[in-house]
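Chain and residue survey
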Amino acid sequence: MMIKRIDRSRIESSQRCKAYRFNRYERDTTGYSPEATSVPLCTGISAHVGVEMLFSGASLHEAARKAALTYLEVARPQAVADEHTDAVLREQMALAYALTYAWGLRRLPVFLSRYTVREIEEEKTVVLGTIFVPSQVQLELMSRADGHLEDEDGFRFVLSLKTLGFGTFPKPRSGEDEDWLTLQTRIDNQGLSEMFALQQSTGVEFDGVVMEWMLKGPRKYDARLDRRVQWSPFLK
């Protein structure tokens, strides 16, 4: 029997544009992805690595340093080379270090006082069912929650850690009633899929999602440097 694995990203890309889903994930078996990306977008990946180390018992400096080095490892090969690339890489490495250090200093003690951390960044694959297209295919959902938390009353939660460029809600786009951040938190496909995968794999009922936002600050044009920079108190 053939096995077909899907995940939240594939589902959401298909809902947005079936052609994009096919080209990104299916064409020539593995799909195609851009050779280069915006290097500031890699900051979230490195922050997740740093927080995972903090939950595992690493010191603030060890976790923050690992986050910064992870950023460089991920971002440098994908960076669009221009005269500002090195400066942006250094800027974002410093931001990854600072975000991780500050989160560990202020937020980690709060989490450890409220929750028992059962799992961090554990990959789960659960069976959704069997379809016939036209032969028999078993559908499996792949998921990797940021964390599995349990409070003192025994309630279970999925941890969803996100990096965000600003601390206020942007205005809704033209023709939309709600801004994208409100929609993302109200209709949380990621949290729902991760809760389902954890429930299926552990046999334990989950009660919700704990969303934790790490604020990077917006990127704005700096006339003195003639380029966009990260406006963050960590970098000033």
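Residues numbered from 1 in each chain as written. Predicted model: local features only at pLDDT ≥ 70, side-chain atom pairs only at ≥ 80, totals over all residues. Heavy atoms only, no water.

Quick notes on the sheet that holds strand β5 (residues 147-151)
Think of a sheet as strands paired side by side through backbone hydrogen bonds, with each pair either parallel or antiparallel. In spatial order, the strands read β2-β5-β6-β7; together these 4 strands make up an open sheet with mixed pairing. Each having just a single partner strand, β2 (115-120) and β7 (208-215) make up the two edges of the open sheet. Each adjacent strand pair in this sheet contributes to an overall mean axis angle of 30°, direction not counted. Pairing geometry for β2 and β5, over 5 bridges, is antiparallel. In the strand pairing of β5, Tyr115 is matched with Asp151. Against the sheet, helix α3 (residues 43-55) contacts β2, β6 (156-164) and β7, and its axis sits at roughly 135° relative to β6. Each of β2, β5, β6 and β7 touches helix α8 (residues 189-202); the most contacted strand, β6, lies at about 145° to it. (Pairing = 2+ DSSP bridges. Helix = DSSP H or I, 4+ residues; strand = E, 2+ residues; numbered from the N terminus. Axes fitted to C-alpha atoms, helices over the stretch in contact; angles between N-to-C directions. Contact = heavy atoms within 4.5 Å.)

Quick look at the pattern of salt bridges
Once the charged atoms of two side chains with opposite charge are near each other, the side chains can pair. In this structure the tally under the stated criterion is 12 salt bridges. In this structure, the salt-bridge partner of Arg5 is Glu140, at a minimum N-O distance of 2.9 Å. Placement of Arg5 in strand β1 (residues 2-6) and of Glu140 in strand β4 (residues 136-144) is noted, with a sequence separation of 135 residues between them. Between Arg107 and Glu212 there is a salt bridge, with its nearest N and O atoms 2.6 Å apart. Of this pair, Arg107 sits in the loop between α5 (85-106) and α6 (108-114) while Glu212 sits in strand β7, and the two are 105 residues apart along the sequence. A relative accessible area of 6% places Glu212 in the buried class. (Salt bridge = Lys/Arg side-chain N within 4 Å of Asp/Glu carboxyl O. Buried < 20%, exposed > 50% of the residue type's maximum accessible area, 1.4 Å probe, protein only.)

Points about the nonpolar core
If you look at the biggest cluster of nonpolar residues, it comprises 19 residues, and the most contacted ones within it are Phe55, Trp103, Phe111, Leu149, Val210 and Met214. Counting only elements with at least two residues in this core, the list comes to α3, α5, α6, β2, β6 and β7. Ignoring anything within four residues of it in the chain, the contact list for Phe111 reads Phe55, Trp103, Leu149, Leu159, Val210 and Glu212. Ala67, Tyr71, Ala75 and Leu89 belong to the second-largest nonpolar core, a separate cluster that totals 6 residues. (Core = buried A, V, L, I, M, F, W, Y, C linked by side-chain atoms within 4.5 Å.)

Section: the pairing of strand β8 (residues 219-222)
Sheet topology note: the β8/strand β9 (residues 227-230) ladder contains 4 bridges and is antiparallel. Paired with Lys220 across the bridge in β9 is Val229. Hairpin connection of β8 to β9: 4 residues between the antiparallel strands, including Asp226 at a positive phi of 60°.

It is worth stressing that arrangement in space is one thing and function is another; only the former is reported here.
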